[in-house]
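# Structural description and commentary
The chain contents come next:
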Protein chains: 2
Amino acid sequence: MSAKASDPELRIRARNEALISDAATRLFARKGFEGTRISEIAEAAGLPKANVYYYFGSKAEIYRSILRRLLTNWTVALDHLSEERDPFEALEAYVRAKLEHSRRFPDETRVFATEILAGGPYLTPEDRELMRVGMLRPVEVLEAWIARGLIRPVHPRHLMITLWSAAQYYADFEIMAAHTLEVKKLKRADYDTAADTIVQTTLRGLRPDPVPA
Amino acid sequence: MSAKASDPELRIRARNEALISDAATRLFARKGFEGTRISEIAEAAGLPKANVYYYFGSKAEIYRSILRRLLTNWTVALDHLSEERDPFEALEAYVRAKLEHSRRFPDETRVFATEILAGGPYLTPEDRELMRVGMLRPVEVLEAWIARGLIRPVHPRHLMITLWSAAQYYADFEIMAAHTLEVKKLKRADYDTAADTIVQTTLRGLRPDPVPA
DNA sequence: AAGAAAGCTGACGGTTGCGTCAGTTCCCGT
DNA sequence: ACGGGAACTGACGCAACCGTCAGCTTTCTT
């Protein structure tokens, strides 16, 4: 019944590292790196502080591990876009997936947002490289669509930023969005309307001219 | 030659408060509230730490004064939108003005962004009310345009968020945008291209249907 | 010119938080 | 069932930081 060393799911180390990482993510998202105390993380994880230090060498190490995990997830998420798909179908799916991610995991993306806002002091060169190559594929896909005349010839990187920023906003600046919408908290329906609006404006604006004048 | 008490420009108090406020804005933007030391602010302002405390009662007081100033500026900036103007002209002017502001004063908006990300712990109820009423006018204007059939019937608040988020992104997440564009630092031309892209996509998507099918 | 008010500041107290460590307990293969 | 390694932890050292204060200097007013 007890955990085996060979069972990776139940290994004590894996379980506790996840406990710490999850608690830290929640706290870093709310209070930032400097604003979060290791003792808070420990308490939220249900462990004594010294135990946290048994698994992680420092606060920065916990923080960096969270950033790294998010970055790898992020680059994977761009796979929605492939040259063969219909551009509007693919982009709509991407926008909706991004918003859904914002809705379900706001804390991860907030930690990353705070880091970027601060100028990326904890991002390693490898992290930055991950970001760079992650953007390569979608840009190529957009350029291919443009070359085939399937979407209007807009700047692909700026287009990605525009789409990205909208989805990001609902997670990172949720309380601002809630204020704007005059609701207490964003509900699933709000995210759906957000997606609809983006589809009806930005994506619609990408359609090639139907009329000459 | 020396400053007179009646001269508001040169009054020592006004000058030093501005010195402190400016230095604090730069530092809060980079390092957040908790990450910024009063001693750093003092050094950046060229004053001894105790002198900072002569003008401000606490770190939180400096921080709140920055937030308040930004909020009042912000609500004023929405005046671009008025019902009488052509929607696309007005919205384009708004987007360009917003991006220009992001380019010229990235630090102010970053301080605010960090605060919102954290959930707004230092925002007073008055601040929140300022945000709410600031949004009232533009929404009314958008609704009037929609009622007159000048733009497509999209959700006005979500539209504002979409426009807002894009402009915001270039200031707050500048290093992310720079990475995406594969440049070291954003130049004026990048902001112009950003504005063009938004105009050509999101605003273009707002045009009423020219063709039925 | 002289008194008052505003501006200024070095030194310090109290607190908090990061990270350590020595010693204990638990787990697990054999 | 036992030995060794992994897991755990209370107590603490040390450094950093916020905010204070008592007394000094400059500026202003009359």
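Residues numbered from 1 in each chain as written. Chains lettered and ligands numbered in written order. Predicted model: local features only at pLDDT ≥ 70, side-chain atom pairs only at ≥ 80, totals over all residues. Heavy atoms only, no water.

Taking an unreviewed UniProt entry as the reference, chain A is identified by name as TetR family transcriptional regulator belonging to Pseudooceanicola albus.

### As for the overall build of chain A
Let me state the cut-off plainly: Comment: elements are numbered from the N terminus, with helices defined as DSSP H or I runs of at least four residues and strands as E runs of at least two. Relative accessibility decides the category of a residue: with a 1.4 Å probe and only protein chains considered, values under 20% of the type maximum give buried, values over 50% give exposed, and everything between is partly exposed. Should any heavy atoms of two residues lie within 4.5 Å, those residues are considered in contact.
Tallying secondary structure elements over chain A gives ten helices and zero strands in all. Listing every helix and strand of chain A by position from the N terminus yields α-α-α-α-α-α-α-α-α-α. The burial tally for chain A puts 51% of its 213 residues in the buried class. For chain A, restricting intrachain contacts to residue pairs at least 6 apart in sequence, the fraction spanning at least 24 positions comes to 68%.

### Considering the relation of the copies chain A and chain B
Quick reminder of the rule: The least-squares superposition of copies is restricted to C-alpha atoms, and to residues with a pLDDT of at least 70 in both copies.
Here chain A sits on chain B after a turn of 180° about the axis and a move of 0.0 Å along it, with an RMSD of 0.1 Å. The operation mapping one copy onto its partner corresponds to a two-fold rotation axis. Take the interface residues of chain A: 100% of them recur as interface residues in chain B, which is what a same-surface contact looks like.

### Some points on the layout of surface pockets
Condition: Only protein atoms enter the 1 Å grid used here, on which a cavity is any set of points holding a 1.4 Å probe that cannot leave and a pocket is any open set flanked by protein within 12 Å on both sides along at least five of seven lines; residues with an atom within 4 Å of a point are listed as lining. Grid points are joined across faces, edges and corners, and a volume is the space filled by probe spheres set on the points. Polar here means any residue other than Ala, Val, Leu, Ile, Met, Phe, Trp, Tyr, Cys and Pro, which are nonpolar, and Asp, Glu, Lys and Arg, which are charged; Gly is therefore polar.
Counted as a void, the largest pocket has a volume near 550 Å³. Around the largest pocket sit 32 residues that line it, and Lys31, Gly32 and Thr114 of chain A together with Lys31 and Gly32 of chain B are the ones nearest its centre. Counting only elements with at least two residues in the lining of the largest pocket, the list comes to helix H1 (12–35) and helix H6 (106–117) of chain A together with helix H1 (12–35) and helix H6 (106–117) of chain B. Taken together, the residues of the lining of the largest pocket sort by class into 18 nonpolar, six polar and eight charged.

### Notes on the UniProt feature "domain: HTH tetR-type" (unreviewed entry) in chain A
Rules: UniProt positions are given in the numbering used here, feature names are shortened, and annotations may be inferred rather than shown by experiment.
UniProt records the feature "domain: HTH tetR-type" (unreviewed entry) at residues 14–74 of chain A, using the numbering of this structure. Across residues 14–74 of chain A, helical content stands at 87% and strand content at 0%; the span's end C-alpha atoms are separated by 22 Å.

### Examining the domain arrangement of chain A
Residues and elements named next belong to chain A. Selection rule: The domain limits used here are those given by an automatic or database domain assignment. Summed over both partners, the accessible area (1.4 Å probe) lost when two parts come together is defined as the buried area. Criterion for a salt bridge: a side-chain nitrogen of Lys or Arg within 4 Å of a carboxyl oxygen of Asp or Glu. Counted as a polar contact is a pair of N or O atoms within 3.5 Å, where, for protein atoms, one must be capable of donating a hydrogen and the other of accepting one, and residues adjacent in sequence contribute only when both atoms are in side chains.
Taken domain by domain, chain A comprises domain 1 (8–57) and domain 2 (59–206). The gap between the C-alpha centroids of domain 1 and domain 2 is 27 Å. Summed over both sides, the interface of domain 1 with domain 2 buries roughly 1400 Å², with 67% coming from carbon and sulfur. Taken as a group, Thr25, Phe28 and Phe33 account for 40% of the area that domain 1 buries against domain 2, more than any other trio of residues on that side. Between domain 1 and domain 2 we count zero salt bridges in total. The tally of links from domain 1 across to domain 2 stands at four residue pairs in polar contact (both at pLDDT 80 or more). Those elements that provide at least two residues to the side of domain 1 that touches domain 2 are H1, helix H2 (38–45) and helix H3 (49–55). Per-element accounting of the side of domain 1 that touches domain 2 gives the leading share, eleven residues, to H1. Split into classes, the residues belonging to the side of domain 1 that touches domain 2 amount to ten nonpolar, four polar and four charged.

### Considerations on the packing of aromatic side chains
Residue and element names in this part refer to chain A. Condition: A pair of aromatic rings is counted whenever rings of Phe, Tyr or Trp (Trp by its six-membered ring) have centres within 6.5 Å, and the orientation is called stacked for planes under 30 degrees apart, edge-to-face for over 60 and tilted otherwise.
Within the structure shown, the criterion is met by 18 aromatic pairs over all chains. Ring geometry for Tyr170 and Tyr191: centres 6.1 Å apart, planes at 50°, overall tilted. Pair noted here: Tyr170 is in helix H8 (residues 156–172) and Tyr191 is in helix H10 (residues 188–203), with a separation of 21 residues, a long-range link. Relative accessible area serves as the criterion here: at 6%, Tyr191 is assigned to the buried category.

### Quick notes on the interface of chain A and chain B
Each partner contributes residues to the interface: chain A has 59 residues there, and chain B has 61 residues. Contact with chain B buries surface across chain A, with Leu117, His158 and Arg204 of chain A losing the most and accounting together for 13% of the total. One salt bridge connects Arg132 of chain B with Glu182 of chain A, and the closest N-O pair in it is separated by 3.0 Å. The tally of links between chain A and chain B comes to 19 residue pairs in polar contact (both at pLDDT 80 or more). Elements with a minimum of two residues in the side of chain A that touches chain B: H1, H6, helix H7 (125–147), H8, helix H9 (174–181) and H10 of chain A. Ranked by residues supplied to the side of chain A that touches chain B, first place goes to H8 of chain A with twelve residues. Across the side of chain A that touches chain B, the residue classes break down as 28 nonpolar, 17 polar and 14 charged.

### Section: empty space enclosed by the protein
As enumerated under the stated definition, the model contains six cavities of 30 Å³ or more in all. Taken as a whole, the largest cavity spans an internal volume of roughly 60 Å³. Taken together, Tyr169, Met176 and Thr180 of chain A together with Trp74, Leu78, Tyr94, Met135, Met160, Ile161 and Trp164 of chain B make up the full set of residues lining the largest cavity. For the lining of the largest cavity, the elements supplying multiple residues, two or more each, are H9 of chain A together with helix H8 (156–172) of chain B. Among the elements that make up the lining of the largest cavity, the one with the highest residue count is H8 of chain B (three residues). Residues belonging to the lining of the largest cavity are distributed by class as follows: nine nonpolar, one polar and no charged.

### Side note on the nonpolar core
Note the cut-off: Throughout this description, the term nonpolar core refers to a set of buried Ala, Val, Leu, Ile, Met, Phe, Trp, Tyr and Cys residues connected via side-chain atoms within 4.5 Å.
Counting residues in each nonpolar core, the largest one holds 136 residues, and the members touching the most others are Ile62 of chain A together with Ile62 of chain B. Aside from chain neighbours lying at most four places away, what touches Ile62 of chain B is Ile20, Ala24, Phe28, Ile38, Ile41, Val52 and Phe56 of chain B.

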